[in-house]
Amino acid sequence: MSDGAPSGVLAKALGVLQSFTVEDTTLGFAELQRRTGFAKSTLHRVLADLVAARLLMPLHATAIGKVLLAHGPAEVRGATLRGPLERRAPRTITHADVLSRQLAEVVAQGVAYEYEESAVGIVCVAAGIFDPADGIVAAVSVTGPVHRFQPARHANSVRAAAAGISATLGRRAELRER
């Protein structure tokens, strides 16, 4: 008889995902291992599956990841740019200078793009969601197939959605302070 709690592979994936928090959006392998209690081989396998399923995507190869890198802690950005930048698809950015220029554009434009960098056939546009202190807490994106979706045509809508969510977070924080 099950108590309703997931078991097996699903439980392991949830264990990894639940290790991340609003405050801890970036965790090293050792910290993930400490938080989950998984053996190294198990954690490597679960992380690889989550990356393959795009539930943990490499920061440098996705629009959401680029937004988080551009607005996130300098030490995370620096560590990522020092690489290596793993190739996930033929168009993955693997040169630190190119990625660095893209991250500067993300800050200037308020959106990031992905053009088949994490997977062949996928394009995406993303924008950041910020807390009341202007710290990045998440990102929102729209993804589609390369032959039918033009990310630039949706940039303003994604920016507006992210701004709306950020404003809602700000209002909620203000209400809690009262």
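Residues numbered from 1 in each chain as written. Predicted model: local features only at pLDDT ≥ 70, side-chain atom pairs only at ≥ 80, totals over all residues. Heavy atoms only, no water.

### A closer look at the nonpolar core
Okay, step 1: Residues Ala63, Val67, Leu69, Leu99, Leu103, Val106 and Ala112 are the most contacted members of the largest nonpolar core, which totals 16 residues.
Okay, step 2: Elements with a minimum of two residues in this core: α4 (63–71), α6 (96–109), β2 (122–130) and β3 (136–145).
Okay, step 3: With four residues, the single largest contributor to this core is α4.
Okay, step 4: Those residues in contact with alanine 112, other than ones at most four positions away along the chain, are Ala63, Lys66, Val67, Val106, Cys124, Val125 and Ala126.
Okay, step 5: One finds Ala13, Leu27, Leu43 and Leu47 within the second-largest nonpolar core, a separate group that totals 10 residues. (Core = buried A, V, L, I, M, F, W, Y, C linked by side-chain atoms within 4.5 Å. Buried < 20%, exposed > 50% of the residue type's maximum accessible area, 1.4 Å probe, protein only. Helix = DSSP H or I, 4+ residues; strand = E, 2+ residues; numbered from the N terminus. Contact = heavy atoms within 4.5 Å.)

### Section: the pairing of strand β1 (residues 112–115)
Okay, step 1: On β1, burial follows the alternation: Ala112 and Glu114 on one face are buried, whereas Tyr113 and Tyr115 on the facing-out side are not.
Okay, step 2: Here four bridges tie β1 to β2, and the two strands are oriented antiparallel to one another. Bridging across to β2, tyrosine 113 finds its partner in valine 125.
Okay, step 3: Linkage of β1 to β2, two consecutive antiparallel strands, is achieved through a turn of six residues, within which glutamate 116 is found at a positive phi near 55 degrees. (Pairing = 2+ DSSP bridges.)

### Let's talk about the side chain of serine 19
Okay, step 1: Structurally, serine 19 is set in the loop between α1 (8–17) and α2 (29–36).
Okay, step 2: Classification of serine 19 as buried rests on a relative accessible area of 6%.
Okay, step 3: Those residues within four positions of serine 19 in sequence are excluded, and the remaining contacts are Leu27, Leu32, Arg35 and Thr36.

The values are spatial; any link to function lies outside them.
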